[in-house]
Amino acid sequence: MASGEPRPDQPPLQALRDAANRLRVRALRATCAAGSGVLSCSIWGHGLDLRDAGGAHALPPRGSNPAPCPQGHAAPLLYAAWAEAGFLKESELLNLRKIDSDLEGHPTPRLPFVDVATGSLGQGLGAACGMAYVGKYFDKASYRVFCLLGDGEVSEGSVWEALAFGSHYRLDNLVAIVDVNRLGQSEATPLCHDMEVYRRRCEAFGWNTYVVNGHAVEELGEALRQAAQGKGKPTAIVAKTYKGRGIPGEWALSAAGHGLGPPCSDPPAPTPLPELGREPRSPGSQSPLLYPTSPHSPSRVATRKAYGVALAKLGAANERVVALDGDTKNSTFSELFKRVHPERYIECYIAEQNMVSVALGCAARDRAVVFASTFAAFFTRAFDHIRMGAISRTNLNLCGSHCGVSIGEDGPSQMALEDIAMFRTIPGCTVFYPSDAVSTERAVCLAANTKGICFIRTSRPETPVIYPPEEKFEIGQAKVVRKSDADRVTVIGAGVTLHEALAAADELAKQGTHIRVIDPFTIKPLDADTIVASARATGGRIITVEDHYREGGIGEAVAAAVSGEPGMVLQSLAVSGVPRSGKPAELLDLFGISAKSILAAVKSTFAN
């Protein structure tokens with residue numbers, strides 16, 4: 001049969017192309033209804049024809065022909081494909097990313113056709129290897145396993161470990177399809193469209209490898225047919241695609257097209273800072289900030305952006321400052337540093353473990369003052385590298401953005417809810433959790449001058465600037481941000497929950513109840529003296545509220561601090577269970593860490 005001709009059990013090529021267009025339309029409608037989502041990955045090139053050729057003729061029921069899709073960003077297309085197969089109602093697609101829908105920002109097993117959650121990149125091929133191993137050696141079944149990878153995640157070392165595993169165990173029932181669209185989140189991928197390098201690397205790991213045009217259904221079909229006939233080796237199909245193919249204009253064909261967010265604004269002009277050492281400076285040496293505040297109309301700035309502004313200012317003050325990121329610089333705002341100091345910025349791509357190791361090398365012998373950033377959730381995969389940094393007695397600063405459920409619709413794979421617990425266990429680690437732009441800049445300054453590993457936890461939402469530019473901050477010193485002689489409960493919040501606590505305090509004050517509100521600033525070391533003194537002044541009643549799991553978080557840190565004090569009653573409000581997609585305010589309410597939840601907790605304290 002000639003190459004490209006459909007077999008009797010396959011639909012004609014035009015039928016496949018028509019199905020692909022239906023998927024595009026469904027994915028577009030879903031993301032428009034949601035108002036968010038990684039649209040470029042879902043409908044504009046990014047392997048769409050490839051996915052359709054691989055399975056449009058027969059989407060399998062759960063349990064047969066498993067198909068892990070680590071490209072979880074393209075969830076709208078996955079959902080559209082299952083609607084095409086009749087497993088989802090088309091009307092349900094319009095509920096994408098809503099809090100009462102199982103169609104989350106990244107796929108999870110809330111859906112019956114999803115076996116493995118995706119969204120944290122570089123893990124899908126390992127899962128596929130496990131499925132294929134069971135199929136070949138345990139079940140001795142005829143099903144085949146297909147795994148779709150993005151070229152950005154191929155920078156993760158775990159992908160190459162899985163390639164070695166698949167070859168070693170001769171998993172000829174496994175097909176890995178690499179969608180080489182040449183663009184990551186913030187810039188081009190390391191190899192761009194160098195297809196021969198991809199071919200040689202996959203072949204070197206012992207895989208049958210085919211390089212195809214990912215937009216040519218006939219080429220894809222032929223490669224899949226040959227993969228089915230191969231024996232003794234797994235197959236890699238390396239597909240050249242274009243993100244944004246067919247969409248007019250330059251935006252869709254650039255890295256900016258990865259998501260729907262607006263381009264970052266320019267940073268404020270850097271303000272000179274003193275020379276950087278490795279010992280803490282006195283509070284008086286902190287620089288003025290550029291965030292004017294007003295009690296009537298406070299400005300709102302995301303702490304993640306304040307981190308980028310501060311980093312750029314540090315870089316202007318001292319040429320020893322170096323910044324690294326893992327292809328998230330347009331989300332962590334480390335791109336503000338890169339814009340003004342490109343010669344001291346290192347792009348590590350989607351390889352967080354390696355990024356931490358590279359940062360450790362940069363910081364060796366105090367050659368540089370090093371800051372590395374990514375989503376806080378993704379630092380958890382580098383935990384071993386971080387703990388080895390502590391053993392190495394390195395001076396290293398890590399900034400994790402997008403913490404907690406307050407990130408919203410992207411869903412649980414992107415939400416850092418374990419990071420405070422992780423960094424609290426690192427010996428000598430200083431854990432900063434700033435709550436506004438001013439305290440974030442202070443945290444960056446202090447981290448740059450503090451020995452050991454420092455972790456700065458930043459949030460995605462814009463929050464009011466509550467501190468004046470001249471406010472002084474110190475490690476281990478909390479701020480009492482709301483206080484009166486009539487206070488009856490001490491409430492401790494950080495990041496977004498500090499603002500929820502202040503909102504609750506305002507509402508309670510209208511009802512004649514006053515609470516004391518504390519911003520810890522650093523979770524480690526924790527200002528136990530201020531917390532104990534405030535608790536004593538409020539009858540021993542303490543409520544902690546945090547955008548983090550209860551285990552190892554702020555509540556447990558406070559519990560340890562007051563454990564030897566008589567008469568203390570502590571109530572902890574924290575995220576319980578695996579979260580889901582939804583709007584930030586909805587998720588704060590759902591998990592009991594909103595102003596409304598704090599208000600109820602304060603009232604229940606007296607009722608009990």
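Residues numbered from 1 in each chain as written. Predicted model: local features only at pLDDT ≥ 70, side-chain atom pairs only at ≥ 80, totals over all residues. Heavy atoms only, no water.

1. Examining unusual backbone geometry
In the segment running from Lys 524 into Pro 525, the intervening peptide bond is cis, with an omega of 0°. Within the chain, Cys 192 stands out as a residue other than glycine whose phi angle is a positive 50°.

2. Side note on the side chain of Glu 222
You can see Glu 222 is positioned in helix H8 (residues 217–229). Taking the relative accessible area as the measure of exposure, Glu 222 reaches 16% and is therefore buried. Polar side-chain contacts of Glu 222 include one of 2.5 Å to the side chain of Arg 225. (Helix = DSSP H or I, 4+ residues; strand = E, 2+ residues; numbered from the N terminus. Buried < 20%, exposed > 50% of the residue type's maximum accessible area, 1.4 Å probe, protein only. Polar contact = N/O pair within 3.5 Å; in protein donor to acceptor, adjacent residues only side chain to side chain.)

3. Some words on the environment of Asn 208
Checked against the element boundaries, Asn 208 lands in strand E3 (residues 208–213). Under the relative-accessibility criterion, Asn 208 is labelled partly exposed at 22%. Taking the C-alpha atoms as reference points, Asn 208 and Ser 167, 41 residues apart in sequence, are found 9.6 Å from one another. If we ignore the near neighbours within four places in the chain, the residues touching Asn 208 are Lys 233, Pro 234, Thr 235 and Ala 236. (Contact = heavy atoms within 4.5 Å.)

4. Some words on the pattern of salt bridges
A side chain of one charge can pair with a side chain of the opposite charge if their charged atoms are brought near each other. The full count for this structure, using the stated rule, is 27 salt bridges. With a closest N to O distance of 2.8 Å, Lys 313 and Glu 441 form a salt bridge. Taken together, the positions of Lys 313 in helix H9 (residues 303–317) and Glu 441 in helix H16 (residues 437–448) put the pair 128 residues apart, joining distant regions of the chain. Exposure remark for Lys 313: the relative accessible area of 2% places this residue in the buried category. Given a relative accessible area of 2%, Glu 441 falls into the buried group. A salt bridge links Arg 457 to Asp 419; its shortest N-O distance comes to 2.6 Å. Here Asp 419 lies in helix H15 (residues 419–424) and Arg 457 lies in strand E11 (residues 453–457), a separation of 38 residues in the sequence. Since its relative accessible area comes to 0%, Arg 457 is described here as buried. For Asp 419, a relative accessible area of 0% corresponds to the buried category. Ionic contacts of the salt-bridge type, sharing partners, join the residues Arg 22, Arg 26, Arg 29, Glu 84 and Glu 90 into one network. (Salt bridge = Lys/Arg side-chain N within 4 Å of Asp/Glu carboxyl O.)

5. Quick look at the sheet that holds strand E16 (residues 522–524)
Overall, mixed pairing links the 7 strands, which are arranged E7-E6-E8-E9-E11-E10-E16 in an open sheet. Strands with a single pairing partner mark the edges of an open sheet, and in this sheet they are strand E7 (345–347) and E16. The mean inter-strand angle of the sheet, taken between neighbouring strand axes irrespective of direction, is 20°. Pairing of strand E10 (residues 430–432) with E16 involves 2 bridges; the strand directions are antiparallel. Note that in E16 the partner of Phe 432 across the bridge is Thr 522. Lying on the sheet, helix H12 (residues 352–363) is in contact with strand E6 (321–325), E7, strand E8 (369–375) and strand E9 (396–401); it crosses E8 at an angle near 170°. (Pairing = 2+ DSSP bridges. Axes fitted to C-alpha atoms, helices over the stretch in contact; angles between N-to-C directions.)

6. Regarding H12
Its 12 residues place the ends of H12 16 Å apart at the C-alpha level, agreeing with the 16 Å of an ideal helix rising 1.5 Å per residue. Along H12, the positions that sit buried rather than exposed are Glu 352, Met 355, Val 356, Ala 359, Leu 360 and Ala 363. End-on view of H12: buried residues confined to an arc of 140°, all on one side of the axis. The inward-facing, buried residues of H12 contact E6, E8, helix H13 (376–379), helix H14 (383–391) and E9. Arg 365 sits one or two positions beyond H12 and adopts a positive phi of about 55°. (Expected span 1.5 Å × (residues − 1). Arc of directions from axis to C-beta.)

7. So, the confidence of the model for the protein chain
Averaged over all residues, the pLDDT of the protein chain equals 85, while 83% of them reach at least 70. Between residues 1–6, whose pLDDT stays under 50, and residues either more than four places distant or in other chains, the model counts 9 contacts. This stretch, residues 259–290, has a pLDDT under 50; its non-local contacts, to residues over four places away or in other chains, come to 80 contacts. (pLDDT = per-residue confidence, 0-100.)

8. Concerning empty space enclosed by the protein
A full pass over the atoms with the stated rule returns 2 cavities of 30 Å³ or more. By volume, the largest cavity is sized at about 80 Å³. Taken together, Leu 125, Leu 149, Val 154, Val 159, Trp 160, Leu 163, Ala 176, Val 178, Tyr 198, Cys 202 and Val 238 make up the full set of residues lining the largest cavity. Top contributing element to the lining of the largest cavity by residue count: helix H6 (residues 157–168), with 3 residues. Of the residues in the lining of the largest cavity, the class split is 11 nonpolar, no polar and no charged. Its volume calculated, the second largest cavity comes out at about 30 Å³. (1 Å grid on protein atoms, 1.4 Å probe; cavity = no way out; pocket = protein on both sides within 12 Å on 5 of 7 lines; lining within 4 Å. Points joined across faces, edges and corners; volume = space filled by probe spheres on them. Nonpolar A, V, L, I, M, F, W, Y, C, P; charged D, E, K, R; others polar.)

9. Some thoughts on the packing of aromatic side chains
Each aromatic ring pair is characterised by the separation of its centres together with the angle its planes make. The tally for this structure, following the rule as stated, stands at 16 aromatic pairs. When the ring of Phe 375 is compared with that of Phe 378, the centres are 5.5 Å apart and the planes differ by 5°; the resulting orientation is stacked. Comparing Phe 375 with Phe 378, the two get one shared label, buried. Seen in terms of ring centroids, Phe 473 and Phe 521 are 4.8 Å apart; in terms of plane orientation they differ by 45°. Their pairing is tilted. With Phe 473 in the loop between strand E12 (462–464) and strand E13 (479–482) and Phe 521 in the loop between strand E15 (514–519) and E16, the pair connects residues that are 48 residues apart, well separated along the chain. Phe 521 matches Phe 473 in its accessibility class, with the two residues each being buried. These aromatic residues form a ring-pair network of at least three members: Tyr 133, Tyr 137, Phe 138, Phe 165 and Tyr 169. The ring centre of Phe 473 lies 4.8 Å from the NZ or CZ of Lys 479, which sits over that ring. (Phe/Tyr/Trp six-rings, centres within 6.5 Å; stacked < 30°, edge-to-face > 60°. Lys NZ or Arg CZ within 6 Å of the ring centre and 35° of its normal.)

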